[in-house]
Amino acid sequence: MPVTSRVRVAVLGCADIALRRMLPAMAASADVELIAVASRDAHKANETARRFGCAAVHGYDALLARDDVDAVYVPLPAALHDVWVEAALRAGKHVLAEKPLTTSQVRTAELLRLASARGLALVENVLFVHHGQHAAVRALVRDGAIGQARSLHASFAVPARPEHDIRYRAALGGGALWDVGVYPVRAALYLLGSPLTVAGAVLTSDPGREVDTSGAALLRSEAGAVAHLTFGIGHAYHSGYELRGSEGRITVDRAFTPPADHRPVLRLERGTRTEEIALAPEDQVAAAVSAFARAVREGGAPSDDPVLDQAALLDAIRRTATGSGTGRAGSGH
């Protein structure tokens, strides 16, 4: 049944990103109504529900059985996404799932097909694509500001996490590629388009770690542009990209996780001239919540292609880095 008013949303789990960013945005949104939060820990569910003014539910299955919920947000560890996203879809719920949607290209494609068959929205929660600074970059390129795009240099790196953080646990889908590598990969798709091919990739692990903690990838487009992507956990913080063209370049700092009050400045260099283009602050988290609500009302995400293309590239990067296959990304369709 189409949802025509505020989308009634519940949350599976009390992950850090849910507590810091998504739950506050949902509680403040005019597009969604926060109904409930579930946890396997009843105390944690109660504390979180009290903080955000919603119901507490003990256990994920119990939440999915509720008939007062239209959609669920899944911020669980990456390795648990496919099980609970599928369970939510089969329970008739629309789904907003943290990135990556799954750690398998095949499973990502299967879940998107299941959502489509049931007329449900399944949206991967990549926040930065909802910030207008990136649309502004694409508009500059479209208008010829840097000539023909030749290369993209994108990086996302964060300091080390606490010792027992889930990002360091292989069984939960941890690792730098899944956690921070998604951002430059998605930026390459957003700015250079698809298809992209993996020409080379490296994944490395700090001593004693069971997951990759840093990596790099070299991609190329059919038009001849290349993308050099780097990412890591346990690095000095960096979040930005530089798009170089035949006649100039555009630099974007704080590209992937800017706070809502951040005033972006795009640096455009062309010949001997440098122009700084100031943009208004935007709340990309609030924008992502509103975009999901629109997808629910319309009965599906605008396009599954970026999610499928991203899943294929992540898979190809891992296979290339581990020597288990070629760098050609599968279609996933």
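About the cut-offs
- Residues numbered from 1 in each chain as written.
- Predicted model: local features only at pLDDT ≥ 70, side-chain atom pairs only at ≥ 80, totals over all residues.
- Heavy atoms only, no water.
- Phe/Tyr/Trp six-rings, centres within 6.5 Å; stacked < 30°, edge-to-face > 60°.
- Helix = DSSP H or I, 4+ residues; strand = E, 2+ residues; numbered from the N terminus.
- Buried < 20%, exposed > 50% of the residue type's maximum accessible area, 1.4 Å probe, protein only.
- Axes fitted to C-alpha atoms, helices over the stretch in contact; angles between N-to-C directions.
- Parallel < 35°, antiparallel > 145°, perpendicular 65-115°, else oblique.
- Left-handed = near helix turned anticlockwise from the far one by under 90°.
- Contact = heavy atoms within 4.5 Å.
- Core = buried A, V, L, I, M, F, W, Y, C linked by side-chain atoms within 4.5 Å.
- Polar contact = N/O pair within 3.5 Å; in protein donor to acceptor, adjacent residues only side chain to side chain.

### Looking at the packing of aromatic side chains
Working step 1: Evaluation of the coordinates by the stated rule reveals 8 aromatic pairs.
Working step 2: On the numbers, 5.1 Å between centres and 80° between planes, the contact of Tyr60 with Trp84 is edge-to-face. Here the residue Tyr60 occupies a position in helix H3 (residues 60-64), and Trp84 occupies one in helix H4 (residues 81-90), the gap between them amounting to 24 residues. When sorted by exposure, Tyr60 lands in the same class as Trp84, which is buried.
Working step 3: Aromatic side chains Phe128 and Phe256 sit 4.9 Å apart centroid to centroid with 75° between the ring planes, which places their arrangement in the edge-to-face category. Residue Phe128 is found in the loop between strand S6 (122-125) and helix H6 (132-142), and its partner Phe256 is found in the loop between strand S12 (249-253) and strand S13 (265-270); the two are separated by 128 residues along the sequence.

### Here's the deal with the packing of helix H1 (residues 16-28) against helix H2 (residues 42-52)
Working step 1: Orientation of H1 relative to H2, taken along the N-to-C sense of each, is 45°, at an axis distance of 10 Å. Taken together, the axis directions place H1 and H2 in an arrangement best described as oblique. H2 is crossed by H1, and the crossing has right-handed handedness. For the pair H1 and H2, contact is made by Leu19, Leu23, Pro24 and Ala27 and by Thr48, Arg51 and Phe52, respectively.

### Side note on the nonpolar core
Working step 1: Ranked by internal contacts, the top residues of the largest apolar core, which has 49 residues, are Val137, Leu152, Leu192, Leu219, Leu229, Tyr241 and Phe256.
Working step 2: Residue contacts for Leu229: discarding those within four places in its chain leaves Leu152, Ala154, Pro184, Val185, Ala188, Gly215, Ala216, Ala217 and Leu219.

### What about the environment of Leu127?
Working step 1: By the secondary structure assignment, Leu127 is in the loop between S6 and H6.
Working step 2: The spacing of Leu127 and Phe256 is 129 residues in sequence and 7.8 Å in space, taken between C-alpha atoms.
Working step 3: Ignoring anything within four residues of it in the chain, the contact list for Leu127 reads Arg21, Met22, Gln284, Val285 and Ala288.

### Side note on the side chain of Thr108
Working step 1: Relative to the assigned elements, Thr108 resides in helix H5 (residues 105-117).
Working step 2: Look at Thr108 and you get buried, because its relative accessible area is 1%.
Working step 3: Among the polar contacts made by the side chain of Thr108, one reaches the side chain of Thr102 at a distance of 2.7 Å.
Working step 4: Ignoring sequence-local partners within four residues, the contact set of Thr108 consists of Leu101, Thr102, Val307 and Ala311.

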